[in-house]
Amino acid sequence: HLIMLYERTSALCHAQAQEKNALLPEFEEEVLNKEHDFWAQDVLVHIADVSNPGKPFPICQAWAIRCVEEFWDQGDEEKSLGLPVGMLNDREKVSLPGSQHGFINFLVAPVFIGAARIFQSFVPLADQMVDNLASWRDIWVSEANPSETEIAKRDSDILKLKEQVQAIAELGLERRH
């Protein structure tokens, strides 16, 4: 069910997350249209499913470790059966902090930012997500010894999300006045 939801909404959520100053008509139609009564519930379930980046970092980190360990266990099983190992399932090749950057930046951020545009109560979660992304970046730098170019790319991703969340927060303040 969540895969269907993601396939149905990922492009739309990504497009809305890129729009800083307005609600896209397609997004408004899909989220707010009365014919789509269960869509908002589906989105909230999806947000709950990927919510650990919106929690304080110790909780975020604990859940990330659990999830990645599950992927790695699956990869170990795939290896033992002589099957191709899934992209995120190889404990010898996947960096926990590196995987979290991709997970947050490409999967979680578009959904959190889209939700925050509609529901201002999601802004603190999106803000925490950005802080956690920065924490994962710091761990990645200490563990992976990346190049300055790689660090600059991650820093740019973090700054971009921080600016988007700040713009949404400011827009919410303007709406209240």
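These remarks concern the structure in this document. (Residues numbered from 1 in each chain as written. Predicted model: local features only at pLDDT ≥ 70, side-chain atom pairs only at ≥ 80, totals over all residues. Heavy atoms only, no water.)

1. Considering the nonpolar core
Among the nonpolar cores identified, the biggest contains 29 residues, and Ile47, Met129 and Trp136 are the most heavily contacted of them. Taken together, the elements giving at least two residues each to this core come down to α3 (39-49), α4 (57-80), α5 (96-118), α6 (123-144) and α7 (148-176). Tallying contributions element by element places α5 first for this core, with nine residues. In contact with isoleucine 47, other than residues within four places in its own chain, are Val111, Phe112, Ala115 and Phe122. (Core = buried A, V, L, I, M, F, W, Y, C linked by side-chain atoms within 4.5 Å. Buried < 20%, exposed > 50% of the residue type's maximum accessible area, 1.4 Å probe, protein only. Helix = DSSP H or I, 4+ residues; strand = E, 2+ residues; numbered from the N terminus. Contact = heavy atoms within 4.5 Å.)

2. Some thoughts on a nonpolar patch on the surface
Together, Phe71, Met87 and Leu88 make up a nonpolar patch on the protein surface, roughly 340 Å² of accessible area in all. With relative accessibility at 36%, the residue phenylalanine 71 sits in the partly exposed group. (Patch = residues over 30% accessible without salt bridge, like charges linked within 9 Å, V, L, I, M, F, W, Y side chains within 5 Å. Areas by Shrake-Rupley, 256 points an atom, 1.4 Å probe, with all protein chains shown as cover. Salt bridge = Lys/Arg side-chain N within 4 Å of Asp/Glu carboxyl O.)

3. Section: the packing of α5 against α6
At a closest axis distance of 10 Å, the pairing of α5 and α6 adopts a crossing angle of 165°. It follows that α5 is roughly antiparallel to α6 by the angle criterion. The chirality of how α5 crosses α6 is left-handed. Counting all contacts with α5, which are made through Leu96, Pro97, Gly98, Gln100, His101, Ile104, Val108, Ala109, Phe112 and Ala116, the residues of α6 involved are Val123, Leu125, Ala126, Met129, Leu133, Trp136, Ile139, Trp140 and Glu143. Among the residues making up the contact of α5 with α6, the classes are represented as 15 nonpolar, three polar and one charged. (Axes fitted to C-alpha atoms, helices over the stretch in contact; angles between N-to-C directions. Parallel < 35°, antiparallel > 145°, perpendicular 65-115°, else oblique. Left-handed = near helix turned anticlockwise from the far one by under 90°. Nonpolar A, V, L, I, M, F, W, Y, C, P; charged D, E, K, R; others polar.)

4. Description of the state of the cysteines
Across all of its chains, the model carries zero disulfides by this definition. Looking at cysteine 60, it has no disulfide partner, and the nearest cysteine sulfur is the one in cysteine 67, 9.8 Å off. For cysteine 67, a relative accessible area of 39% puts it in the partly exposed group. (Disulfide = S-S within 2.5 Å.)

5. Things to note about the packing of α4 against α5
Axis angle and axis distance: for two packed helices, these are the angle between their axes and the distance between the axes, and together they describe the pair. For the pair α4 and α5, interaxial distance at closest approach is 11 Å and the crossing angle is 100°. Taken as axis vectors, α4 and α5 run roughly perpendicular relative to one another. Contacts between α4 and α5 pair Ala64, Ile65 and Val68 from the former with Leu96, Ser99 and Gln100 from the latter. Here the contact of α4 with α5 is composed, by residue class, of four nonpolar, two polar and no charged.

6. Side note on unusual backbone geometry
In this model, asparagine 145 sits at a positive phi of 50°, which is unusual for a non-glycine residue. Counting through the fold element by element, asparagine 145 comes out in the loop between α6 and α7. In this structure asparagine 145 comes out as exposed when scored by relative accessible area, which is 68%.

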